[in-house]
Amino acid sequence: MSNLSSFSHQTVVILDFGGQTAMLIARRVREAHVFCEILPWHTPLADIKKRSPIGIIFSGGPAFVTDEGAPAVDPALYDLGVPILGICYGCQLLAHQLAGRVEVGTVREYGRTNLRLTSAGQGSALWKNIDGSSICWMSHTSYVAQLPAGFAAHATTDNCPSAAFGDDARRLYGVQFHPEVTHTACGRQLLHNFMYDICHATGDWDMSHVATEIIADLKAKIGDKPVLCALSGGVDSSVTATLVEKAVGDQLTCVFVDTGLLRSGEVSEVVDAFSASSRARLITADASDQFLSALAGVTDPEAKRKIIGELFIRTFEAEAKKIGHVNFFVQGTIYPDVIESGSPTSARIKSHHNVGGLPEVIDFDDIVEPLRSLFKDEVRALGLELGLPENLVYRQPFPGPGLAIRIIGDITRDKLDILRAADKIFRDEVAAAGLHRELSQYFAVLTNLRSVGVMGDERTYDYVLALRAVITTDFMTAQAAHLPYELLEKVAGRIVNEVKHINRIVYEVTSKPPSTIEWE
Ligand code: XMP
């Protein structure tokens, strides 16, 4: 698989100990224009060294360092001369492995906490431009009770004598709090200091260089062989197709699959937008009968995703056969798809159709995923850099499994028609209210719940439809949008009047986490 780790950027390695915020640490590092990669904590030392990291960050994690089998690193990592910043579990591990002492405290420190710098902290480059007293975000019971030799406490809280500590000579640091969350006032500055003042980052992570490097990498990998690119019409696959087209020109054929699970008007919208912005050949494959018959009666969300993932690839294989032997299959997988589909250290949330949903044996020599290391906002920046039109770059995402994961329970053609009609009304009204640019994603979900209503003196027993609108930049976390009540009322009125079999509308107000954006 093609990814960016072989490129020439300075790299910070984040070792993931199973904490919920490893991804957030990565976001913060990249926002500071430094490339980083999240690796499982048990990655062999040789693989870490291969990346020549300028710095290493240990994430938090749920374990206790002295438990049997608790995650730990090869102690030789501390002797590489590479700066290390341990966060939460990571700081306790660093102290423990260097012969300090970690104890279980009597008080659990959780949430906003006052942090005070010591004079050693004030003298360290890690704390440059940071106030002597500030608010940080804590989540721990155990704490570092005794520092290893050579370390000094950099900051304290009421319950934590070594809330931050470091050894400036060896450039090893630990913070018990979470600098990656926004509640920690000095967090961004601290991570910036670690990268720029301790690791000597130059800030070479920049989208214009990334485009040039990906194109060169694709050229080298694909050579003069034919390639097929999966196109969904969204920003990820459009950016992918553009990169491949720039790399290998007319060796590329794009395939857009009509799964029968698309929204109203989607096929012509995608075909028109693509033809207007790309010179690549595009085939639309109508596989709706295959998808709908394979999904008949299937209710489990993961089962739906697996069936769809398999059928997508089989459809691409069938299209490839019509061309002859096609060596490479390119798809627009991005970093959150990879992480959320499950890694050795993080739980599987959902099998994204293009990652965990792929069958094991496929009829291509290799899969190429040039955006596999990028976050959504980075892909958008890359799209603009490549000259794609703004309406395509900011098109709201539509998941590969389509309406299948917005119909709870089994999928039928009738339910698809109901959902399509309702979703179109919602989308049209949001656009009419001029809110489509402000919302990151908005859609309707057909629940499997039916309830009693009354229409024209008649009793009805019909579906409950849910509306969802979220605001997010990276789609890893999201907030429910505060839609104007008048808009919701208008949409609800139109849907129950115009779409048969819906008699009740609800608006979802949960954030991600604990919900996800899609319902399945
Ligand atoms: P969740 O529901 O995981 O969604 O909070 C995060 C973002 O990913 C989209 N999504 C998918 N996109 N294939 C895709 O191409 C998938 O299998 C898939 N599942 C979720 C979702 O629409 C949201 O933008």
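### Brief notes about the overall build of the protein chain
A count of helices and strands for the protein chain gives 15 helices and 18 strands. A compact globule built from 520 residues should have a C-alpha radius of gyration of about 24 Å, and the protein chain, at 25 Å, falls within 12% of that. Dimensions along the principal axes, computed over C-alpha positions, put the protein chain at roughly 75 × 65 × 40 Å. Taking as baseline every contact in the protein chain between residues at least 6 positions apart, the subset at least 24 positions apart corresponds to 74%. Each charge sign in the protein chain was given a centre, from 48 positive and 63 negative side chains, and these centres are 1 Å apart.

### Quick look at the domain arrangement of the protein chain
Domain boundaries in the protein chain define domain 1 (9-198), domain 2 (207-393) and domain 3 (406-507). Taking only C-alpha atoms, the centre of domain 1 and the centre of domain 2 are 37 Å apart. Across the contact, 13 residues belong to domain 1 and 12 residues belong to domain 2. Carbon and sulfur atoms make up 59% of the area that domain 1 and domain 2 hide from each other, which totals about 1000 Å². It is Met-23, Arg-27 and Arg-30 in domain 1 that bury the most area against domain 2; as a group they hold 50% of the surface buried on that side. Counting every contact that joins domain 1 to domain 2 gives two salt bridges. Residue Glu-378 is joined to Arg-30 by a salt bridge in which the shortest nitrogen-to-oxygen separation is 2.7 Å. Applying the counting rule to domain 1 against domain 2 returns five residue pairs in polar contact (both at pLDDT 80 or more). Taken together, the residues that form the side of domain 1 that touches domain 2 break down as six nonpolar, three polar and four charged.

### Some words on helix α6 (residues 207-222)
The end-to-end C-alpha distance of α6 is 22 Å, a good match for the 22 Å that 16 residues give at a rise of 1.5 Å each. Buried residues of α6: Met-207, Val-210, Ala-211, Glu-213, Ile-214, Ile-215, Leu-218 and Ile-222, and no others. Buried residues belonging to α6 abut β10 (227-231), α7 (235-248), β13 (328-330), β14 (366-368) and α12 (376-385). Residue Gly-223 follows α6 closely and has a positive phi angle near 60°.

### Describing the sheet that holds β10
Overall, parallel pairing links the five strands, which are arranged β12-β11-β10-β13-β14 in an open sheet. This sheet does not close on itself; its edge strands, each paired only once, are β12 (281-286) and β14. Between one strand axis and the next, the sheet turns by 30° as a mean value, whatever way the strands run. Relative to β14, β13 runs parallel, the two sharing three bridges. By the bridge assignment for β14, Phe-328 is matched with Asp-366. Strand contacts of α6: β10, β13 and β14, with the helix running at about 170° to β14, the strand carrying the most contacts.

### Some thoughts on the side chain of Arg-27
For Arg-27, the location among the structural elements is in helix α1 (residues 22-31). On the basis of relative accessible area, Arg-27 is assigned to the buried category, the value being 5%. When residues no more than four places from it in sequence are discounted, the contact partners of Arg-27 are Phe-375, Asp-377, Glu-378 and Asp-474.

### What about helix α15 (residues 485-498)?
For α15, with 14 residues, the first-to-last C-alpha span of 20 Å sits near the 20 Å given by 1.5 Å per residue. Taken together, the buried positions of α15 are occupied by Leu-487, Leu-488, Val-491 and Ile-495. Considered in projection along α15, the buried side chains sweep an arc of 95° and stay on one side of the axis. Across from the buried face of α15, at angles greater than 90 degrees, the exposed residues are Tyr-485, Glu-486, Glu-489 and Asn-497. In this fold, the buried residues of α15 make contact with α14 (413-432), β16 (458-471) and β18 (502-507).

### A few points about unusual backbone geometry
Lys-512 connects to Pro-513 through a cis peptide bond whose omega is -15°. Here Pro-513 lies in the segment after β18. Looking along the chain, the bond that leaves Pro-513 and enters Pro-514 is cis, with omega of 10°. For Pro-514, the position within the fold is in the segment after β18. Positive phi is not limited to glycine here, since Ser-52 has a value of about 45°.

### Examining the state of the cysteines
Scanning the model with the defined rule gives zero disulfides in all. Unpaired in terms of disulfides, Cys-186 finds its nearest cysteine sulfur in Cys-136, a separation of 7.0 Å.

### Points about the sheet that holds strand β1 (residues 11-16)
If you trace the nine strands from one edge of the open sheet to the other, you get β2-β1-β3-β4-β9-β8-β7-β5-β6, paired in mixed fashion. A strand with exactly one partner marks an edge of an open sheet, and here the two such strands are β2 (35-40) and β6 (133-146). Averaged over all neighbouring strand pairs, the angle between strand axes comes to 25°, with direction disregarded. The sheet contacts of α1 involve β1, β2, β3 (55-58) and β4 (84-87), and relative to β2 the element is tilted by about 160°.

### Some details on the pattern of salt bridges
Taken as a whole and assessed by the stated rule, the structure comprises 34 salt bridges. For the salt bridge of Lys-221 with Asp-366, the shortest nitrogen-to-oxygen distance reads 3.2 Å. Placement of the pair is Lys-221 in helix α6 and Asp-366 in strand β14, with a sequence separation of 145 residues. Overall, the relative accessible area of 29% leaves Lys-221 in the partly exposed class. Between Arg-279 and Glu-245 there is a salt bridge, with its nearest N and O atoms 3.6 Å apart. Of this pair, Arg-279 sits in the loop between α8 (266-277) and β12 while Glu-245 sits in helix α7; the two residues are 34 residues apart in sequence, bridging distant segments of the chain. Here Arg-279 falls in the exposed class, since its relative accessible area comes to 74%. Among the charged side chains, a network of salt bridges with common partners joins Arg-27, Arg-28, Glu-31, Arg-188 and Asp-377.

### Some details on the pairing of strand β5 (residues 101-117)
Sheet topology places β5 next to β6; 12 bridges connect them, and they run antiparallel. Bridged to Asn-114 within β6 is Ile-135. The pairing of β5 with strand β7 (residues 152-157) spans two bridges and is classified as antiparallel. The partner of Arg-116 across the bridge, within β7, is Thr-156.

Cut-offs used in this document
Residue numbers here run from 1 along each chain, matching the order of that chain's written sequence. Where totals are concerned, whole chains, interfaces and linings use all residues; where local detail is concerned, this predicted model gives features only for residues with pLDDT of at least 70, and gives and counts side-chain atom pairs only at 80 or more. Calculation of side-chain values draws on the structure's entire complement of heavy atoms; hydrogens and water are dropped beforehand. Secondary structure follows DSSP: runs of H or I at least 4 residues long count as helices, runs of E at least 2 residues long count as strands, and numbering of each begins at the N terminus. The globule rule used for comparison is 2.2 Å times the number of residues to the exponent 0.38, while the radius of gyration itself is calculated over C-alpha atoms. By definition in these notes, contact holds between two residues if any of their heavy atoms fall within 4.5 Å. Charged residues are defined here as Lys and Arg on the positive side and Asp and Glu on the negative side; His and the ends of the chain fall outside this count. Lysine's charge is taken at NZ, arginine's at CZ, aspartate's at CG and glutamate's at CD. These domain limits were set by an automatic method or by a database of domain assignments. Accessible area that two parts lose when put together, evaluated with a 1.4 Å probe and summed over both, is termed the buried area. Throughout this description, the term salt bridge denotes a Lys or Arg side-chain nitrogen within 4 Å of a carboxyl oxygen of Asp or Glu. Within 3.5 Å is the distance limit for a polar contact, defined as a pair of N or O atoms, with the added protein rule that one can donate a hydrogen and the other accept it, and that residues adjacent in sequence qualify only through two side-chain atoms. Here the nonpolar group is Ala, Val, Leu, Ile, Met, Phe, Trp, Tyr, Cys and Pro; Asp, Glu, Lys and Arg are the charged ones; every other residue, Gly included, is treated as polar. Expected span, for any helix, means 1.5 Å times one less than how many residues it has. Buried, partly exposed and exposed residues are distinguished by accessible area as a fraction of the type maximum, computed with a 1.4 Å probe on protein chains only: under 20%, between the cut-offs, and over 50%, respectively. Strand pairing is assigned whenever DSSP detects at least two bridges linking the two strands. Angles here are taken between N-to-C directions and fall from 0 to 180 degrees, while the axes themselves are lines fitted to C-alpha atoms, restricted in helices to the stretch in contact. The arc in question is traced by the directions running from the helix axis to the C-beta atoms. What counts as a disulfide here is a pair of cysteine sulfur atoms lying within 2.5 Å.

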